[in-house]
Amino acid sequence: MSGRLAVIGLGPGDARFLTPEAAEEIAGAEALYGYAPYLARLPERAGQARHASDNREEIARASAALDHAAKGARVAVVSGGDPGVFAMAAAVCEAVDKGPAAWRSVEMRVVPGITAMLATAAAAGAPLGHDFCAISLSDNLKPWDLVERRLDAAAAAGFAIALYNPASKARPWQLGAAFDRLRTHLPATTPVIFGRAVGRADERMTVVTLGTADPALADMATLVIVGSAETRVIERPGLAPLVYSPRSASA
Ligand code: SAH
C-alpha cells in the first residue's frame, strides 16, 4: 500500500500566515518531518509522531519521510516560507529521482506557502512590482563564482533582486561581496531593504541605499531585496517609507 507525502510551506512566521490548506494537511498527518525550529512552531498533537532534524540533513530527511510514506503512512514534511523556494520540495524530488522505484508510487503533494521575499516585499510596499529574481547567497550547494555571475547578469538585466541566505556564522563575508559586486552595476542610491524575522513578533524592517548598505544588518533570519535602478522610496511623515518598483520600464 502506498501512503501520502505532503511537503508543506508554513509561511514566514506566525500562524496567521499558514494557509488553511497547510493547516489541514498538518492536522491529517500521522508523522511530521522537518528542521527542529519549524516543527517547534506547530502544536503537539496526540498520535502524531515528530522527526526533527538538522538543517543540513535535507536529503536524509526527505528519504526518511518517503520511506515512511511508502509503507502506507500519511506523512508531512514542513518547510519555512514556501517549500519550493530553497527548501524541502526540491530535496524530496531529488530523493524520488535517485531513490528506489517504490518512492515513485507515493502520492505527493506540495502545499505552497508565503515565501520570505513576498512577506518582506509586502512589508516594504511593492519593491517586486516589476521584473525580479531570487538568488541564494549560500555557497554550500554551488560555487561562489556562479553566485557572482548570476548577480552580474541580474543587475545588468535590470531585475530587482531578492537575496536569500545572505549571511550565517559560517558565511560572514558573502553579502558584503555581493553588495560590492552590485555597486559596479547599480547607482549608489538604489534602495536596499533588510527584512528580518518578517511575520514574527520581532520583525525589523530597514531601508537603506546600496551606497551605504551595511552587511552586518543581515543574519540567517534576514531577507535582503536590492532594487533595480527604477526602484523608488517615498518618504512619509511619521510613517515607514514606501519602497516600490514602478510597473513600467523603458528600454
Ligand atoms: N523556504 C523559505 C526559504 C528558505 S532559505 C522561504 O520560502 O521563505 C532560508 C532563508 O530564507 C533565510 O536565510 C532568510 O534569507 C529567508 N527567510 C526565511 N524566513 C524569513 C523571515 N521570516 N524573514 C526574513 N527572511 C526569512
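Report follows, based on the coordinates. Here the structure is a predicted model, which is why all the values come from computation and not from measurement. Every chain is numbered on its own, with residues counted from 1 as its sequence reads. Totals for whole chains, interfaces and linings use every residue, but because this is a predicted model, local features are given only for residues with pLDDT of at least 70 and side-chain atom pairs only at 80 or more, for both listing and counting. For side-chain calculations, the full set of non-hydrogen atoms in the structure is used, while hydrogens and water are omitted.

## Describing the pattern of salt bridges
Each reported salt bridge corresponds to a side-chain nitrogen of Lys or Arg within 4 Å of a carboxyl oxygen of Asp or Glu. Counted according to the given criterion, the structure contains 12 salt bridges. Across the salt bridge formed by E107 and R4, the nearest N and O atoms sit 2.5 Å from each other. Here E107, found in strand 5 (residues 107-111), pairs with R4, found in strand 1 (residues 4-9); they are 103 residues apart in sequence, far enough to count as distant. Residue E107 is classed as partly exposed on the basis of its relative accessible area of 45%. We note a salt bridge from R149 to D145, for which the minimum N-O separation is 3.5 Å. With a gap of 4 residues between them, R149 and D145 both fall in helix 6 (residues 144-156), about one helical turn apart. Residue class for D145 comes out partly exposed when judged on its relative accessible area of 46%. Each member of the salt-bridge network shares a partner with another, and the members are R4, E25, R74 and E107. To qualify as a helix, a DSSP run of H or I must reach at least 4 residues; to qualify as a strand, a run of E must reach at least 2; elements of each kind are numbered from the N terminus. Here's how the labels work: a residue is buried when its accessible area is under 20% of the maximum for its type, exposed when over 50%, partly exposed in between, all with a 1.4 Å probe on protein chains only.

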